[in-house]
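In case you want the letters, here they are:
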Amino acid sequence: MPLHDIETLTLDYGGLSLAGPLVGRRLRPPPCLPSELVAVKEIQPRGSAHRRSFRSLKEQFLRLVSPSADSEFKKPQRDRSPDEKQLDRLYRFTAMAKSKYEYVKEFEVRDEVMLPNLIVVRVDGRDFRTFCAEHKFKRPNDEQALNLMNLCAIKMLKKFPEIVFSYGFSDEYSFIFEKLTKIHSRRASKLLSLIVSLFTSLYVAEWKEFFPDKELKYPPTFRGKVIPCATVEVLQHYLAWRQTECHMANQYNTCLWELIENGMLEKEAHESLKGTNKEQKNELLFQRFGINYKSLPQMFRQGSCVFKEKVVHSKNIAGKRFWNEHPSLLKDLGDGIAESISRVGRDYLRSFEFENKLLPSTWIVVRVDGHHFHGFSDAHEFEKPNDKQALKLMNECAVAVLLKIEDVIFAYGQSDEYSFILKKDTRFCQRKSSDVVSVILSLFTATYAMKWKTFFPQKELQYPPSFDGRAVCYPDTKILHDYLAWRQVDCHINNLNNTCFWSLVKSGKSTKEANLALKSTLAKDKCELLAKQYGIVYNTLPPMFRWGSSVFWEDVSTEENGASNEIAQRRVVVKHSDIIQSSFWEANPSILA
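What counts, and at which threshold
- For every chain, the first residue of its written sequence is number 1, and the numbers climb from 1 along that sequence.
- Restriction of local features to residues with pLDDT of at least 70 applies here, the model being predicted, together with a cutoff of 80 or more for giving and counting side-chain atom pairs; totals for whole chains, interfaces and linings are based on all residues.
- Processing note: side-chain calculations cover all non-hydrogen atoms of the structure and skip hydrogens and water entirely.
- Lines fitted to C-alpha atoms define the axes here, with helix axes fitted over just the stretch in contact, and angles between the N-to-C directions of these axes take values from 0 to 180 degrees.
- The helix and strand labels rest on DSSP assignments: H or I over at least four residues marks a helix, E over at least two residues marks a strand, and numbering proceeds from the N terminus.
- What sets the label is the angle itself: under 35 degrees gives roughly parallel, over 145 gives roughly antiparallel, 65 to 115 gives roughly perpendicular, and the rest give oblique.
- Take the far helix as the reference: if the near one is turned anticlockwise from it by less than a right angle, the crossing is left-handed, and if turned clockwise, right-handed.
- In this analysis, two residues are considered to be in contact whenever any of their non-hydrogen atoms come within 4.5 Å of each other.
- Polar here means any residue other than Ala, Val, Leu, Ile, Met, Phe, Trp, Tyr, Cys and Pro, which are nonpolar, and Asp, Glu, Lys and Arg, which are charged; Gly is therefore polar.
- Among the buried residues, those of types Ala, Val, Leu, Ile, Met, Phe, Trp, Tyr and Cys that are joined through side-chain atoms within 4.5 Å form a nonpolar core.
- A 1.4 Å probe rolled over the protein chains alone gives each residue an accessible area, and that area as a share of the maximum for its type sets the label: buried under 20%, exposed over 50%, partly exposed in between.
- Criterion for a salt bridge: a side-chain nitrogen of Lys or Arg within 4 Å of a carboxyl oxygen of Asp or Glu.
- Side-chain atoms alone can form a polar contact between residues adjacent in sequence; in general such a contact is a pair of N or O atoms within 3.5 Å, and within protein one must be able to donate a hydrogen while the other accepts it.
- Between any two strands, at least two bridges found by DSSP are needed for them to pair.
- When two cysteine sulfur atoms are found within 2.5 Å, that pair is recorded as a disulfide.

Draft legend 1. Representation of the packing of helix H6 (residues 232–261) against helix H7 (residues 266–273) within the structure. One can describe the packing of H6 onto H7 by two numbers: an axis separation of 9 Å at closest approach and a directional angle of 135°. When the axes of H6 and H7 are compared, the pair comes out oblique. In terms of crossing hand, the pair formed by H6 and H7 is right-handed. Packed against H6, whose contacting residues are Tyr 252, Cys 255, Leu 256, Leu 259 and Ile 260, the element H7 presents Glu 266, Ala 269, His 270, Ser 272 and Leu 273 at the interface. Residues of the contact of H6 with H7, tallied by class, amount to seven nonpolar, two polar and one charged.

Draft legend 2. Structural view of the nonpolar core. Grouped together as the largest cluster of nonpolar side chains are 43 residues, with contacts concentrated most on Phe 175, Ile 195, Phe 199 and Tyr 203. Residue assignment for this core shows that the elements contributing at least two residues are strand S4 (118–125), helix H3 (128–134), helix H4 (143–159), strand S6 (172–177), helix H5 (188–210), strand S7 (222–229) and helix H15 (433–455). For this core, the element with the most residues is H5, which contributes 13 residues. Once residues lying within four places of it in the same chain are set aside, the contact partners of Phe 175 are Ile 119, Val 120, Val 121, Val 123, Ala 153, Met 156, Leu 157, Ile 163, Phe 165, Ser 166, Ile 195 and Phe 199. Counting residues in hydrophobic clusters, the runner-up holds 37 residues, among them Val 366, Ala 390, Ile 405 and Leu 441.

Draft legend 3. Structural detail: the pattern of salt bridges. Scanning the entire structure with this criterion turns up 23 salt bridges. Between Glu 266 and Arg 129 there is a salt bridge, with its nearest N and O atoms 2.2 Å apart. Remark: Arg 129 occurs in helix H3 and Glu 266 occurs in helix H7; sequence separation between them is 137 residues. On the basis of relative accessibility, which here comes to 32%, the residue Glu 266 falls in the partly exposed class. With a relative accessible area of 49%, Arg 129 lands in the partly exposed category. Where Arg 470 meets Asp 468, a salt bridge forms, and the shortest distance between an N and an O atom there is 3.3 Å. Taking the relative accessible area as the measure of exposure, Asp 468 reaches 5% and is therefore buried. Bridged by salt links that share partners, the residues Lys 190, Arg 367, Asp 369, Asp 468 and Arg 470 form one connected network.

Draft legend 4. Region of the structure containing the environment of Trp 452. Within the secondary structure, Trp 452 is located in helix H15. Sequence-wise, Trp 452 and Gln 389 are 63 residues apart; in three dimensions their C-alpha atoms are separated by 9.8 Å. When neighbours within four sequence positions are excluded, Trp 452 is seen to be in contact with Phe 376, His 380, Phe 382, Leu 393, Lys 459, Glu 460 and Leu 461. In terms of polar contacts, Trp 452 uses its side chain to reach the backbone carbonyl oxygen of Lys 459, at 3.0 Å.

Draft legend 5. Looking closely at the sheet that holds strand S11 (residues 408–414). Spatially, the six strands line up as an open sheet ordered S13-S10-S12-S11-S14-S17, and their pairing is antiparallel. Looking at the sheet topology across the chains shown, the edges are occupied by strand S13 (467–474) and strand S17 (569–575). Direction aside, the axes of adjacent strands within the sheet are offset by 25° on average. Relative to S13, H15 is tilted by about 140°, and along the sheet it contacts strand S10 (363–370), S11, strand S12 (417–422) and S13. Relative to S11, helix H16 (residues 477–506) is tilted by about 25°, and along the sheet it contacts S10, S11, S12 and S13.

Draft legend 6. Expanded view of the sheet that holds strand S9 (residues 311–312). Across the sheet, six strands lie side by side as S7-S4-S6-S5-S8-S9; this open sheet has antiparallel pairing. Among the strands making up the open sheet, the edge pair consists of S7 and S9. Judged from the two bridges that link them, strand S8 (residues 304–306) and S9 form a sheet pairing that is antiparallel. Note on S9: the bridge partner recorded for Cys 305 is Val 312.

Draft legend 7. Structural detail: the state of the cysteines. This model, assessed by the stated rule, comprises zero disulfides. This cysteine, Cys 500, is not joined by any disulfide, and Cys 527 carries the nearest cysteine sulfur, 7.1 Å off.

Draft legend 8. Quick peek at the environment of Leu 157. The topology assignment puts Leu 157 in helix H4. Look at Leu 157 and you get buried, because its relative accessible area is 2%. The spatial distance from the C-alpha of Leu 157 to the C-alpha of Ile 176 is 10.0 Å, given a sequence separation of 19 residues. Setting aside residues up to four positions removed in sequence, Leu 157 forms contacts with Ile 163, Val 164, Phe 165, Ser 166, Phe 175, Val 306, Phe 307 and Lys 308.

Read these as spatial facts, not as claims about activity.
As structure tokens, this is what we get:
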């Protein structure tokens, strides 16, 4: 009887029972499956026509998952010590990493922007009205703040040669990629997250250059969106739309703040401007305040276009004249420009404003990963294999996310990554995928850059860090648990391997020799190597290195004068626990309640 005819298989991994259907599944041999820990408990064939002895089916399965092992697997005959049992569990984790939990990756959605679409990534400040007020920006335009935005855009173009040019005003910037770019396989989530993250990081890093006397009071956050444009003409419509928004917003705000500065309440100023057209606003500015609107700085009225090394201002960036003045646009973006764009059509606006929303009534997981953090950790001389301060900085960023965004109820992190779990019924950002990812990612990045000196007072930040991110929906709690188990198993595997690798390197081996020495070794082999050659008992390493970090809200009772306070206070805690076992979730039922 072939294996695909087995209905259900029940295994016992050293006392841990696993059962599951095999129908329609392709079995993958686990990377290391200690034979002394496995026993086949039950096999149920499909249909009554298939009859074969239990022993025969058992041997057939075991030959598939562990061909080199004996056909007879026995459970351990002696009692094991607590340390041995914990190591056994580690071996089981590594054995199950690919075979049990990796199916959760199937829930990830491919989001490639297909050719011949042009790719535009727009970044704009989130709640920047409050941010401007807190940092006392000049109204209606703060020239230094706009120059900061422009510098960030210039540095973005240096970092990403695939960006042809960018256009920005106020607290937003749009980045236009060359038509045939293959950057990051044209994945929308990857491009969105990297652009938003790096822009945020640059904003924090360059703050002091433009505001030397102002402290950054809290992390600025940006949100982003990917806008595919089918043709150059569609791109022209998009640019015309954004520049029109620039003009209308600046004209309105110039009138608004002139009225306020001359004694009118903000509410009254809004009422007086209600229903006025652009000619009436120009007349108001000239007659009451002596301001010729057309004489205001071009940067305020027209926004800024950033090329590789320069910032230009143009009255009509969607017009043919502008494109002819910059032949690189036609070269990198393609032909087919329209003569002129007099008005942006409603259908174009609908396509520009379209938002993908995450499925309702599902757990949203936003995973944040360090981008090129191998190089970043080398440049900043992080301690290997684990830098305690770097991990604490990551934890601090996760705490900041939970404190700022109440719908984020749990986070798990290890190394340079963090996964954030949002409530199943969350309405955060109206469940707009791009907003959910970019806001969490931007806050995480800004906190990392701002808190750097707290954790590394003797080290300068050599260059802005950046992260990428994605959102995945999981339909039920069991799959969510399996996702978190997958990440913690990955933590075990990577930490064990890295601990061995860097122990070998520090003892004099080259990186190539260390990799060769660890090639094809199992978890048990690595633990023995650490114990025998370096006197390291793996289970005694700090839990943060082995288990990763879990961040969540916890009710804490307070005591006053020896008496317990009936009203428990909530606080965000960081713990290093085994979240694979059900005991963690049973002890903390409120997390996913």
